[in-house]
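Coordinate analysis (summary)
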Amino acid sequence: MCRIGALKSKQYLHPAQALRLMIPQQEGHDNSGFAMVIQDLGGVFGKYKDKPLMSLACTQKGANLVENYMETRGFIQIFEWVPPVNKVAGLDIKAMPHYIYRAYDYPEHYRKASPAAKEDLLLDTRLAVRALLEKDEQGYVYSFWPDVLTLKEIGDPRDIAVYFRLWDETGDMIAKNIVVQCRQNTNYEIVRYAAHPFFIQGYTLCANGENTFYTKNKEYQRSLNKGYIGFESDSQNFLYSLHYVLRTLKWPIKYYKHVITPLPFAEIEKRPDRDVLTLIRQTLGHLEINGPNTIIAMLPDSSMMTCCDSKKLRPVIVGGDGETMAISSEVCGLNTILPHRNKELDVYPGEREIVVVTPELEVQRWKQ
Amino acid sequence: METVRTQDVSVNDLPWKIDWRDERCTMCGSCVAACTFTAIEAAMERRSVTISTGHQPEPAQRHSAVPVIRQRSGTAHICVGCGMCEKVCPNKAIRPVRNEDNRVNLLTRAGGVAIKRGGRNNIMADRVLDKVIVGRISQMTDPSLDSERHTFDVLAPFGRVLLPGELPFTVNGDNLELTAKTPPVHWIYPLIFSDMSVGALSTRAWEAIALATAYLNEKCNIPVRMSSGEGGMPVKLLKSEYLKYMIIQIASGHFGWNRIIKAMPHMVTDPAGILIKIGQGAKPGDGGLLPAAKVAEHIQAIRGVPKADLLSPPNHQGLYSIEESVQKMHMSLNAAFKFRVPVAIKCAASATSVSVYNNLLRDPYYICGGFFIDGLQGGTGAANEVSLDHTGHPVVSKVRECYLAAVKQGRQGQIPLWAGGGIGMTGNAAADAFKLICLGANGVFIGKILIQLLGCVGNERGRCNACNTGLCPTGICTQDPRLVKRLDIDKGAQAIVDYMVAFDQELKKLMAPIGNSSLPVGRSDALVTTDKAVADKLAIQYAC
């Protein structure tokens, strides 16, 4: 079972803190990888917050391919950071040759473009780079977005942290928001793109569990947005539906829950908003999910949210101390990093709830 | 010694031979009275017995005339194997036995008349659904559900569903508000009692199905709907509250619509839907056919016609294209009920079904509320045998193709797909329904199995299939008042209700192991097949 987690803080956090949240949750042969998306960056990226940042793991050839591509598209590289890796012998990590984080300026003709146009350009560019790298198997591009960085690798999370010197807490790579997961999706082929958190246009999501409506979700989502691709994991469905409901349809967040786990018809009938809920259920029936799962997501405004399947078959807890809020699969993780918090304020979201941690660290509970 | 006349028809030329046991028979005559086809008769036969009663052989021959039950040998009174004689015989003295060596197909076109019959296709017995099984069982991380305790949403849409971007919502604070009217969509049970008309069925049989429909809705929480078939409906029902459970069918003959239209001002509720019948799986390209033998006085009254063969045209006169059908028929039927009642269309499965479905999906008025595809294993009350046996299209791949065509356009679910034709043919309609739903159907419709539940003994091996004759031995497909009384309405309705309650359990028993609490529409990943060709065609997993 995947354990998932997220941290949101008023202060910059080191990724090591996320590892400390996750490692106590390990059971059995869990923890076969490490992946995180961090947002609202400090450290070496602090000066480039409005510049789209590309997260790459690739070969030398792949790095050159991307460089050429970006150049021809008019992107101007203004910053590059290569994490100083620690190649200790015997580490359990299947490392890629290069990890590269590059911040760019938009092409000249996009400087005055609308935010929406810029966001579409970033998506198109990421998809193109992905296709470019996939063609000759030269690497991976995980995200291309301002103030967002992604790191994914296969292996033991502790060793991955050693390799990337995450335990050193140097202050280079820090952020106020971290979404993290310590297990590759081992029910499927182990590939880096199958590792959550998944990212699209400012939306980040990871999930714990199964989505047995994967096929019907996938078949529908494919036609909704060109960015809905990959589907290496059944958890990507959750992200694409979140992106679709919030960004494309522009519906309030509580309706995400009505889309993925609609109320039974008998319950809808009793509600004053039954017309709206019935229409949502019948129109978006192919985005309904099934199976046991919990999701944790981060939104473009850096809000965090979590919700569960309609039967509450996977755990999740939200808690914090006012300075730092954490959402995670199991309470032991929170106890490790936030032992002093008031546990009476911990929230165990129900099967009909969406819990949101706002940018101001307020906790909102939306009952379906 | 008699001369052999090879062209004479003998009992051995017929599909069924009567096995009559002289020694068990009391000559009560029940079997002769029960045989609606007059295939048997009481007759006298000359018997010759040689006996010897003394100590020494002293043979003496005695001739006597004895009464017997005898099968008639001509083609005018062929035994159809219905077995009513056996059912009625108190002594188990008589039964029909299938005669594999019969020559009936060569004998029954006498007078140059094509063979007509009821029933189903009797040649294409191959059932793809039986080669497909539910192979994706949830275990470990995605637990199966408990079918006994879990609550399931077993409902399907009937009506036109909008695309997300077409929903008339505005955001008001944290809420969505509906700002305009949307097409009517009814969420009903994913199984519809299919279109068998009053006329094709006896009034009693039709009433039994209507009774079961009402009972399932009112008492069993199974919101099943019944389609009237082309032939109108009793006016009393049209004006009653129970109309809400009925889908009124209109076909090319428009039979019964005079009365329906006249009843409209008096309707106290809307019908569940309107179904435009374009074609029928059992006899695609043919219109409805009600032989004069079945056009009794009450049928003449309901349909407003004289006693004659009632042939619906093979197509709707005046409609030349799909667009025209949508613009005229769909629109006028929608308008007739002030756009409150969903209007769907039923076509025979055909090599062209996907084109029709694609076209309907582009309906700009949002008034096509369902696409019913009827496969070749659907039944009929009367058709030319050549149509029944040699025309049609299997429904399974066609439903799948339509669904995938919609998937390609991101329009799956917009016009609900309903599949019929042979559902429950091997007895388990729930399994058939489940598999079709996984392949993309929203629901299924059943017909033949309903009358089988009422007592119809017809099958796909040529048994009975005499629905067209007006002589139905079970009182289901006849208007003969004497025969109709053979059917007990309450018992018939009870059988349908029992079957449906079990169907509901069985459907849940299939939903539970794949971990679904709502219908798995399009969950093709739940199915596997051991037939590679089927796997390729349906795009499901091959297993061996």
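These numbers were taken from a predicted model, which means no experiment stands behind them.

Next up on the list: the overall build of chain A. Along its length, chain A carries 10 helices and 16 strands. Looking at chain A residue by residue over its 368 residues, the buried ones come to 64%. Contacts in chain A between residues far apart in sequence, at least 24 positions, make up 74% of those at least 6 positions apart. Per element, the accessible surface of chain A, about 13,100 Å² overall, is 49% carbon and sulfur. Looking at charge distribution, chain A has the averaged site of its 44 positive side-chain charges lying 2 Å from that of its 44 negative ones.

Bringing the side chain of Lys 51 of chain A into the picture now. Looking at where Lys 51 of chain A falls in the secondary structure, it is placed in the loop between β2 (33-41) and β3 (52-58). Not counting residues within four places of it along the chain, the set of residues in contact with Lys 51 of chain A comprises Ile 78, Ala 103, Tyr 104, Asp 105, Trp 145, Pro 146 and Asp 147 of chain A.

Size of an interface: often given as the accessible area lost when the parts come together. All names here are of chain B. Split by domain assignment, chain B resolves into domain 1 (11-51 + 61-113) and domain 2 (154-542). Using C-alpha coordinates to define each centre, domain 1 is positioned 40 Å away from domain 2. With 13 residues of domain 1 at the interface, the matching set in domain 2 holds 15 residues. Both faces combined, the contact of domain 1 with domain 2 buries some 1,000 Å², and carbon together with sulfur accounts for 51% of it. When the buried surface of domain 1 facing domain 2 is broken down by residue, Thr 36, Phe 37 and Arg 98 rank first, second and third, together holding 45% of it.

Residues and elements named next belong to chain B. Remark: helix α8 (residues 322-336) packs on helix α9 (residues 353-361), axes separated minimally by 10 Å, with the N-to-C direction vectors making an angle of 45°. The angle between α8 and α9 falls in the class oblique. Considering the relative orientation of α8 and α9, their crossing is right-handed. Along its contact with α8, which presents Ile 322, Glu 323 and Val 326, the element α9 presents Val 356, Asn 359 and Leu 360.

For the rest of this paragraph, the subject is the pairing of strand β14 (residues 324-328) of chain A. All names here are of chain A. Counting buried positions along β14 gives five out of five residues, so the element sits mostly inside the fold. Going residue by residue along β14, you find Thr 324, Ala 326 and Ser 328 tucked away on one face and Met 325 and Ile 327 tucked away on the opposite face as well. By the bridge criterion, five bridges tie strand β1 (residues 4-13) to β14 in an arrangement that is antiparallel. Residue pairing for β14: Leu 7 is matched across the bridge by Ala 326. Strand direction decides the pairing type here: strand β13 (residues 317-320) and β14, joined by four bridges, are antiparallel. When the sheet's bridge partners are listed, Val 318 is paired in β14 with Ile 327. Between β13 and β14, which pair antiparallel one after the other, the connecting turn spans three residues, and Gly 322 there sits at a positive phi close to 95°.

Once that is clear, we can look at helix α5 (residues 214-221) of chain A. Of all eight residues making up α5 of chain A, eight are buried, and the element is well covered by its neighbours. Against α6 (236-248) and α9 (274-283) of chain A together with α11 (396-409) of chain B lie the buried residues of α5 of chain A.

Rules used in this analysis
Residues numbered from 1 in each chain as written. Chains lettered and ligands numbered in written order. Predicted model: local features only at pLDDT ≥ 70, side-chain atom pairs only at ≥ 80, totals over all residues. Heavy atoms only, no water. Helix = DSSP H or I, 4+ residues; strand = E, 2+ residues; numbered from the N terminus. Buried < 20%, exposed > 50% of the residue type's maximum accessible area, 1.4 Å probe, protein only. Contact = heavy atoms within 4.5 Å. Areas by Shrake-Rupley, 256 points an atom, 1.4 Å probe, with all protein chains shown as cover. Lys, Arg positive; Asp, Glu negative; His and termini not counted. Charge placed at Lys NZ, Arg CZ, Asp CG, Glu CD. Domains from an automatic or database assignment. Buried area = accessible area lost by both parts, 1.4 Å probe. Axes fitted to C-alpha atoms, helices over the stretch in contact; angles between N-to-C directions. Parallel < 35°, antiparallel > 145°, perpendicular 65-115°, else oblique. Left-handed = near helix turned anticlockwise from the far one by under 90°. Pairing = 2+ DSSP bridges.

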